[in-house]
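As a plain string of letters, each chain reads:
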Amino acid sequence: MPTILGQNQYGKAENRVVRITRDGATHHIKDLNVSVALSGDMDEVHYSGSNAHVLPTDTTKNTVYAFAKKYGIESAEQFGIHLARHFVTSQEPIHRARIRVEEYAWERIEAAGEKAGDGAGEGGHSFVRKGQETRLTQIAYDGERWEVISGLKDLTVLNSTDSEFRGYVKDAYTTLEETRDRVLATSVSGRWRFNWTGDDRPMPDWEESYRQVRKHLLQAFAETYSLSLQQTMYEMGARIIDRRDEIDEVRFSLPNSHHFLVDLEPFGLSNDTAEGAVYVAADRPYGLIEATVLRDGREPRIPADLTNL
Ligand SMILES: O=c1[nH]c(=O)c2[nH]c(=O)[nH]c2[nH]1
């Protein structure tokens with residue numbers, strides 16, 4: 001044979017597993033990206049196509065989700081060790097397992113002062129992903145008037161309950177099940193336009209304004225019992241317009257980052273949300289929900305397509 005097989009490995013990469021544990025009203029989240037690579041006695045599948053030694057990559061994916069439910073996720077290391085040991089000790093042809101794990105860290109959204117003590121926000125079920133969002137601004141000046149539009153992108157937030165989606169239109173192609181309890185997650189891209197145009201009023205305090213807008217949009221996200229992402233988005237914009245006099249217009253572009261409950265019935269596991277559940281954080285496709293919220297009587301000026309800004 002003129003060729004020989006060199007190093008080889010296989011498995012399912014980037015299993016996005018989200019485990020939510022419910023401790024009464026306080027929820028805990030573990031959010032991992034798990035990649036499995038297995039190697040061993042795998043010559044034949046390459047040389048002749050015999051799958052006799054091949055544990056399907058689909059099975060390695062199922063194992064990740066089933067283990068998350070069955071044993072929980074104490075730490076990325078513990079979870080990876082558990083998986084690697086399982087593949088190597090349960091399948092004779094598999095001699096080596098490499099498990100790579102990325103963990104996304106979340107922190108709780110702090111409650112608004114007026115809501116403190118009623119169980120909303122802090123200590124509850126609303127999270128913002130750790131790591132800075134990107135802050136943005138665009139300044140336009142024609143020698144007379146200023147237009148300042150500021151904003152942010154990649155501010156990732158998640159509510160692990162208090163989100164429903166039902167009562168929608170159903171046609172011949174609708175398969176989506178109605179739900180009274182789902183994960184609502186999005187990565188906020190937003191822009192807000194200041195009403196200062198260089199007039200006699202003092203310039204806004206840009207730093208303080210940014211901090212406050214960010215806080216209000218997070219708190220509105222956390223405190224809105226959501227019937228749709230559209231409704232939550234409107235509440236976020238309305239809260240900003242209501243609390244920040246310097247802003248007349250807000251536009252959001254919000255991907256609906258779907259978290260699907262994994263069907264673990266085939267493995268004899270119930271994936272009931274009551275005590276906490278395991279989700280697939282889906283990558284694409286995603287719903288994309290966009291709208292402008294305006295102070296009454298003002299003209300919209302932020303472009304509909306935020307990438308044009
Ligand atoms: O909040 C939502 N809004 C929708 O318009 C929609 N459509 C869908 O399939 N899921 C959802 N969720």
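Owing to the predicted nature of the structure, the values given are computational and were not obtained by experimental measurement. (Residues numbered from 1 in each chain as written. Predicted model: local features only at pLDDT ≥ 70, side-chain atom pairs only at ≥ 80, totals over all residues. Heavy atoms only, no water.)

(A) Spatial organisation of the side chain of N8. With respect to the secondary-structure elements, N8 resides in the segment before β1 (15-23). Exposure remark for N8: the relative accessible area of 14% places this residue in the buried category. In terms of polar contacts, N8 uses its side chain to reach the backbone carbonyl oxygen of G6, at 3.1 Å. What N8 contacts, discounting residues up to four positions off in sequence, is L38, S39, M42 and H46. (Helix = DSSP H or I, 4+ residues; strand = E, 2+ residues; numbered from the N terminus. Buried < 20%, exposed > 50% of the residue type's maximum accessible area, 1.4 Å probe, protein only. Polar contact = N/O pair within 3.5 Å; in protein donor to acceptor, adjacent residues only side chain to side chain. Contact = heavy atoms within 4.5 Å.)

(B) Inspection of the pairing of strand β2 (residues 26-40) at higher detail. Most of β2 is tucked away: 11 of the 15 residues are buried. Here β1 runs beside β2; their pairing, made up of nine bridges, is antiparallel. The residue of β2 that forms the bridge with I20 is I29. The antiparallel pairing of β1 with β2 creates a hairpin that spans two residues between the two strands, and G24 there sits at a positive phi of about 60°. When β2 meets strand β3 (residues 94-104), the two strands line up antiparallel, connected through 10 bridges. Bridging from a neighbouring strand, D31 pairs with Y104 of β3. (Pairing = 2+ DSSP bridges.)

(C) Here's a closer look at unusual backbone geometry. With omega at -5°, the peptide bond leading from R284 into P285 counts as cis. Its location among the elements puts P285 in the loop between β11 (276-281) and β12 (287-294). Unusually for a residue other than glycine, D154 sits at a positive phi of about 65°. Here D154 shows up in strand β7 (residues 146-159). Given a relative accessible area of 46%, D154 falls into the partly exposed group. Phi angles above zero are rare outside glycine, and D162 is one such case at about 60°.

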